[in-house]
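# An overview of the molecular structure
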Amino acid sequence: DQTRGLLRAIEETPSCSPKFLEERGISITCVCSEGIAGRLELDPEKLIAIGSYLPLTGQFQGVNGDGIVPSSFSFLDQPAERVLVDKCAETGEAVRHIHVLPTPWNLLNPKE
């Protein structure tokens, strides 16, 4: 489990439920990608996805996600909002987990 149990801990903690948070005025939006399929191919991202998806879902064939978290684990129950993003609007490339990690490269905006 690449999340080191974080996904399961959130799922099992009542005070992390969308309903509990909404009752306290906190809204939740879950953003997920299905850009990376776990497949036995000579593609490092797909091989890493297998290692991430398998412990969480018990399978990897036919499982899509961001390369770390399968999409089936990415969304909380209602009333949480759900946003599914598969391709980057600027590059047209599949959205991967690395798109959301702050790095010097994605913090810089060359347009400004």
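These numbers come from a predicted model, not from an experiment.

What counts, and where the lines are drawn
- Residues numbered from 1 in each chain as written.
- Predicted model: local features only at pLDDT ≥ 70, side-chain atom pairs only at ≥ 80, totals over all residues.
- Heavy atoms only, no water.
- Salt bridge = Lys/Arg side-chain N within 4 Å of Asp/Glu carboxyl O.
- Buried < 20%, exposed > 50% of the residue type's maximum accessible area, 1.4 Å probe, protein only.
- Phe/Tyr/Trp six-rings, centres within 6.5 Å; stacked < 30°, edge-to-face > 60°.
- Lys NZ or Arg CZ within 6 Å of the ring centre and 35° of its normal.
- Core = buried A, V, L, I, M, F, W, Y, C linked by side-chain atoms within 4.5 Å.
- Contact = heavy atoms within 4.5 Å.
- Helix = DSSP H or I, 4+ residues; strand = E, 2+ residues; numbered from the N terminus.
- Polar contact = N/O pair within 3.5 Å; in protein donor to acceptor, adjacent residues only side chain to side chain.
- Pairing = 2+ DSSP bridges.

## Concerning the pattern of salt bridges
Enumeration according to the criterion identifies 3 salt bridges in this entry. Here Arg24 makes a salt bridge to Glu23, at a shortest N to O gap of 3.6 Å. Judged by its relative accessible area of 47%, Arg24 is partly exposed. A salt bridge links Lys46 to Glu41; the shortest N-O distance between them is 3.3 Å. Since its relative accessible area comes to 18%, Lys46 is described here as buried. Classification of Glu41 as partly exposed rests on a relative accessible area of 33%. If you follow the salt bridges from partner to partner, you end up with Lys19, Glu23 and Arg24 in one network.

## Observations regarding the packing of aromatic side chains
In the structure shown here, the tally under the stated rule is 0 aromatic pairs. The ring of Phe20 is capped by Arg24, whose NZ or CZ atom sits 3.4 Å from the centre of that ring.

## Some points on the nonpolar core
Soluble globular proteins tend to pack their nonpolar side chains together in the buried interior. The biggest cluster of nonpolar side chains holds 6 residues, and these are Leu21, Ile28, Cys30, Cys32, Phe75 and Ala80. Apart from residues lying up to four places away in sequence, Leu21 is in contact with Ser15, Cys16, Ile26 and Ile28.

## What about the side chain of Ser71?
By secondary structure assignment, the location of Ser71 is in helix α4 (residues 71–74). At a separation of 2.8 Å, a polar atom in the side chain of Ser71 contacts the side chain of Glu34. Not counting residues within four places of it along the chain, the set of residues in contact with Ser71 comprises Cys32, Ser33, Glu34, Asn64 and Gly65.

## Here we look at unusual backbone geometry
Both trends apply: most residues other than glycine have a negative phi, and most peptide bonds are in trans. In this model, Gln78 is joined to Pro79 through a cis peptide bond whose omega is 15°. With respect to the secondary-structure elements, Pro79 resides in the loop between α4 and β4 (81–84).

## Digging into the pairing of strand β1 (residues 29–32)
Here β1 shows a buried face lined by Cys30 and Cys32 and an unburied face lined by Thr29 and Val31. When β1 meets β4, the two strands line up parallel, connected through 4 bridges. In the sheet register, Cys32 faces β4, and the bridge partner there is Leu84.

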